[in-house]
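Listed here are the chains, written in short residue letters.
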Amino acid sequence: MTKRDVFEYALVRVVPRMERGECFNAGVIVYCRAHTYVAARTHLDEAKLLALDPGADVAGVRAALRGVEGVCGGGAGAGQAAGDDAGRRFRWLIAPRSTVVQPGPVHTGLTADPAAEVERLLDLLVR
């Protein structure tokens with residue numbers, strides 16, 4: 001039997017117009033402490049975005065989603081979080097915020113391969 005470790009994940013939601021409260025999933029963030037692993041994968045459905053807000057800043061939303069991936073990756077792409085460990089970067093990303101791109105609630109699971117989990121969750125919950 002393969003050893004499985006606890007992981008946490010949160011969906012990344014796009015809320016084009018805060019006053020309407022409509023949102024859709026545009027990514028997933030996965031953190032696994034046992035593997036010192038944090039990663040995000042995003043997929044923006046531009047048609048959904050423009051259906052909810054025809055005047056949406058598509059380039060701005062794409063940049064914000066790339067920023068989430070950059071923070072997870074660490075290094076220069078993480079900005080001020082560059083020196084933080086994987087857990088701190090995950091916690092920073094899942095903190096509630098009132099922006100167009102925001103995290104959903106945190107969920108948990110078990111996995112032997114956190115990298116594969118990111119792709120599985122993206123396919124299952126976002127695409």
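Sequence order as written defines the numbering, with residues in each chain counted from 1. Note on the predicted model: pLDDT of at least 70 is required for a residue's local features to be given, and 80 or more for side-chain atom pairs to be given and counted; whole-chain, interface and lining totals, by contrast, use all residues. Excluded from the side-chain calculation are hydrogens and water; included are all heavy atoms of the structure.

Looking at an unreviewed UniProt entry, one finds the chain named DUF3037 domain-containing protein and attributed to Streptomyces spororaveus.

Moving on, we come to the nonpolar core. Soluble globular proteins: nonpolar side chains tend toward being buried together. What we call a nonpolar core is a set of buried Ala, Val, Leu, Ile, Met, Phe, Trp, Tyr and Cys residues that are connected through their side-chain atoms within 4.5 Å. The cut-offs for exposure are 20% and 50% of the maximum accessible area for each residue type, with area from a 1.4 Å probe on protein chains only; residues under the lower value are buried, those over the upper are exposed, and the others partly exposed. Of all hydrophobic cores here, the largest spans 25 residues; its most connected members are Val14, Ile29, Leu44 and Leu49. The way it works is that DSSP assigns letters per residue, a run of H or I at least four long becomes a helix, a run of E at least two long becomes a strand, and they are numbered from the N terminus. Of all the elements in the fold, those that place two or more residues in this core are β1 (5-14), β2 (24-32), β3 (37-42), α2 (58-73) and α3 (86-94). Sorting elements by how many residues they give to this core places α2 first, with six residues. Here a residue-residue contact requires only that any non-hydrogen atoms of the pair lie within 4.5 Å. Beyond its immediate sequence surroundings of up to four residues, Leu49 is in contact with Val14, Pro16, Phe24, Leu44, Ala56, Val58 and Val61. In terms of nonpolar packing, the next biggest core, distinct from the first, is built from twelve residues, Val30, Val118, Leu121 and Leu122 among them.

The next thing to look at is α2. Taking 1.5 Å per residue, 16 residues should reach 22 Å; α2 reaches 23 Å between its end C-alpha atoms and fits that length. If you follow the buried residues of α2, they end up packed against β1, β2, β3, α1 (46-52), α3 and β4 (101-111). To estimate how far a helix should reach, multiply one less than its number of residues by 1.5 Å.

Moving on to the packing of α2 against α3. When two helices pack together, their arrangement is given by the angle between the helix axes and by the axis-to-axis distance. Relative to each other, α2 and α3 sit at 155 degrees, their axes nearing to 9 Å. When the axes of α2 and α3 are compared, the pair comes out roughly antiparallel. On α3, the residues touching Val68, Val71, Cys72 and Gly73 of α2 are Arg89, Trp92 and Leu93. For this scheme, ten residues count as nonpolar: Ala, Val, Leu, Ile, Met, Phe, Trp, Tyr, Cys and Pro. Four count as charged, namely Asp, Glu, Lys and Arg, and the remainder, Gly too, count as polar. Classifying every residue of the contact of α2 with α3 by side-chain character gives five nonpolar, one polar and one charged. Each axis is a line fitted through C-alpha atoms, taken for helices only over the stretch in contact, and angles between the N-to-C directions span 0 to 180 degrees. Between 65 and 115 degrees an angle is taken as roughly perpendicular, under 35 as roughly parallel, over 145 as roughly antiparallel, and anywhere else as oblique.

Considering every residue of the chain, the mean pLDDT works out to 93; 99% of them sit at 70 or more. For every residue, the predictor assigns a confidence score, pLDDT, that lies between 0 and 100. When mean pLDDT is taken per element in the chain, β2 scores highest with 98 and α3 scores lowest with 92.

For this analysis, a salt bridge means a side-chain nitrogen from Lys or Arg found within 4 Å of a carboxyl oxygen belonging to Asp or Glu. Taken as a whole and assessed by the stated rule, the structure comprises nine salt bridges. Between Arg91 and Glu8 there is a salt bridge whose closest N-O contact spans 2.8 Å. Of the two residues, Arg91 sits in helix α3 while Glu8 sits in strand β1, which places them 83 residues apart along the sequence. Given the relative accessible area of 40%, Arg91 is considered partly exposed. Notably, a salt bridge pairs Glu22 with Arg20, separated by 3.1 Å at the nearest N-O pair. Judged by its relative accessible area of 45%, Arg20 falls in the partly exposed class.

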